[in-house]
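Coordinate inspection notes
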Amino acid sequence: MEPWPATVRWQSISHDQIWVELIRLSMTLAVLLFGTAVGWAWTGHWLFGTALGLVVLIGVLRVIGIVRAVRAWGYAERENDLLVRHGLLVRRLSIVPYARMQFVDVSAGPLERAFDLATVQLHTAAAATDARVPGLRPAEASRLRDRLTALGEDRAEGL
């Protein structure tokens, strides 16, 4: 089952988002690997060695998952709404009507700025319909923010 329409022209996010996510993962893995390695060296107990192997295995699987997950992200601008898709095991399609948008955020943390990326966050009155599009170049994020804001104002006037 394909939850998103094939007739829509999807825009993908930047593949540099993969590096951002991999760096975040590596920070977590470094702490876990250090902790289990120290525990193993200190006690010599085989459970720490097993835990170390599991952390490495989970890290490898997560790297594969990150690459595939970033490639699954996409967004499409339609006449009356914005579609945002993501997910591997659980595929999710968010449809945000322009008339329902209250405000649009553009943010970029330190890692995103290092890779020249930004995230567009759409907010509606119902939190369940909020959507975010990560991994956009700042120029595209600004363009999308301005377009969504203008379309939201135009559509809201008719209510």
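Let me sum up the structure you'll find in this document.

1. Remarks on the pattern of salt bridges
Summed over the entire model, instances satisfying the criterion amount to 8 salt bridges. Between Arg24 and Glu21 there is a salt bridge, with the nearest N and O atoms lying 3.0 Å from each other. Here the residue Arg24 and the residue Glu21 both occupy positions in helix H1 (residues 16-43), the gap between them amounting to 3 residues, near one helical turn. Here Arg24 falls in the partly exposed class, since its relative accessible area comes to 33%. Between Arg143 and Glu140 there is a salt bridge, and its shortest N-O distance comes to 2.8 Å. Linking Arg143 with Glu140, this pair stays in helix H4 (residues 138-157), spanning 3 residues, or about one helical turn. Taking relative accessible area as the criterion, Arg143 reaches 34% and is therefore assigned partly exposed. By relative accessible area, Glu140 is classed as partly exposed at 23%. Connected through salt bridges with shared partners, the residues Glu77, Glu140, Arg143 and Arg147 form a single ionic network.

2. A short note on the sheet that holds strand E3 (residues 81-86)
The antiparallel open sheet is built from 4 strands, whose spatial order is E1-E2-E3-E4. The open sheet has two edge strands, strand E1 (11-12) and strand E4 (92-97), and neither has a second partner. For E1 and strand E2 (residues 74-77), the ladder comprises 2 bridges, and the chain directions are antiparallel. Residue pairing for E2: Ser12 is matched across the bridge by Gly74.

So, how was this worked out
- Residues numbered from 1 in each chain as written.
- Predicted model: local features only at pLDDT ≥ 70, side-chain atom pairs only at ≥ 80, totals over all residues.
- Heavy atoms only, no water.
- Salt bridge = Lys/Arg side-chain N within 4 Å of Asp/Glu carboxyl O.
- Helix = DSSP H or I, 4+ residues; strand = E, 2+ residues; numbered from the N terminus.
- Buried < 20%, exposed > 50% of the residue type's maximum accessible area, 1.4 Å probe, protein only.
- Pairing = 2+ DSSP bridges.

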